[in-house]
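# Descriptive analysis of the structure
This is what each chain is made of:
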Amino acid sequence: MIFRIITGISVLGMIFMLTLHRFRNTMDASRKGSDKSSTATYIPWLFRRLFVFLKTAGMKSWRERYHRWIVLRHPGRERWIIICLGMSFCFLAASGFLFSLLSSQRLYGSILLLHVTVGGLFATCLSLATIMRARHYRLDAENIRRDKNTQLSGGKGTFQISWQTIFFWIFVASGLCLIISALTLMLPYFTVNSQLDMFEIHRYSALVSLLSTIAFAYFSLLDARG
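What this report covers is the structure whose coordinates are included nearby. (Residues numbered from 1 in each chain as written. Predicted model: local features only at pLDDT ≥ 70, side-chain atom pairs only at ≥ 80, totals over all residues. Heavy atoms only, no water.)

### Notes on the pattern of salt bridges
In the structure shown here, the tally under the stated rule is 2 salt bridges. Salt-bridge contacts for Arg-133 lead to Glu-78; the nearest nitrogen and oxygen are separated by 2.9 Å. Of this pair, Arg-133 sits in helix 6 (residues 109-133) while Glu-78 sits in helix 5 (residues 76-102), and the two are 55 residues apart along the sequence. Each of the two residues, Arg-133 as well as Glu-78, counts as buried. (Salt bridge = Lys/Arg side-chain N within 4 Å of Asp/Glu carboxyl O. Helix = DSSP H or I, 4+ residues; strand = E, 2+ residues; numbered from the N terminus. Buried < 20%, exposed > 50% of the residue type's maximum accessible area, 1.4 Å probe, protein only.)

### Looking at the environment of His-136
As for its placement among the helices and strands, His-136 is situated in the loop between helix 6 and strand 1 (149-154). By relative accessible area, which is 35% here, His-136 ends up partly exposed. When the C-alpha atoms of His-136 and Thr-165 are compared, they prove to be 8.1 Å apart, with 29 residues separating the residues in sequence.

### Section: a nonpolar patch on the surface
Taken together, the side chains of Leu-112, Val-116, Leu-183 and Met-186 make up a nonpolar region of the molecular surface, amounting to roughly 340 Å² of accessible area. Of all the secondary structure elements, the ones that give two or more residues to the nonpolar patch are helix 6 and helix 7 (163-186). Tracing the sequence through the fold places Leu-112 in helix 6. Judged by its relative accessible area of 34%, Leu-112 falls in the partly exposed class. (Patch = residues over 30% accessible without salt bridge, like charges linked within 9 Å, V, L, I, M, F, W, Y side chains within 5 Å. Areas by Shrake-Rupley, 256 points an atom, 1.4 Å probe, with all protein chains shown as cover.)

### Thoughts on the side chain of His-202
Following the sequence through the fold, His-202 ends up in helix 8 (residues 192-225). On the basis of relative accessible area, His-202 is assigned to the buried category, the value being 18%. Of note is the side chain of His-202, whose polar atom sits 3.3 Å from the backbone oxygen of Leu-178. In this structure His-202 touches Leu-178, Ser-181 and Ala-182, once residues within four positions along its chain are discounted. (Polar contact = N/O pair within 3.5 Å; in protein donor to acceptor, adjacent residues only side chain to side chain. Contact = heavy atoms within 4.5 Å.)

Right, dumping it as structure tokens:
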């Protein structure tokens with residue numbers, strides 16, 4: 001029950017923060033109103049955005065988005081790895097969270113077997129994607145961004161790192177925790193209490209991974225739009 005509450009609050013909170021961030025950027029770009037009027041217009045703005053999204057949710061629009069977000073940003077081999085990573089993650093998140101949130105039972109039977117199999121694909125694609133994309137999200141002075149960023153204090157002053165970089169490495173770290181905890185659960189060398197603790201680590205790593213994926217996708221699309 002506690003995990004369900006934390007999951008619901010954190011996912012809704014993340015969506016709220018990202019939509020609020022987009023709303024404020026839109027208001028700043030259009031230079032409309034004060035902070036008070038902007039806050040009052042957030043809900044109508046959100047419903048308008050949802051309406052526009054649903055209105056353009058046809059197959060043609062999704063093909064255009066796929067071409068703009070995937071084809072133009074990733075070369076051939078890298079593209080298929082990113083696609084396999086995304087599809088495997090979506091299946092793992094759907095199967096894992098549906099059982100955790102809607103059922104009192106854990107994964108079992110053929111669903112568990114498929115979950116473990118797809119998890120192997122996810123681990124492979126995550127490793128390859130990290131190797132291929134890490135150079136774009138380096139945590140050094142050459143990767144400084146001057147917009148859509150956060151400021152951190154360093155020994156030589158203040159430097160800036162993009163939110164994409166931060167959430168990319170959070171996703172990689174949480175994915176690594178997912179892989180290690182899943183492998184540990186398969187080994188017969190731990191006590192029941194240790195496996196229960198590892199299962200909790202696996203669940204919360206999945207939650208962090210989901211939240212970082214949502215945030216990374218948002219800032220990536222925002223950056224692509226300029």
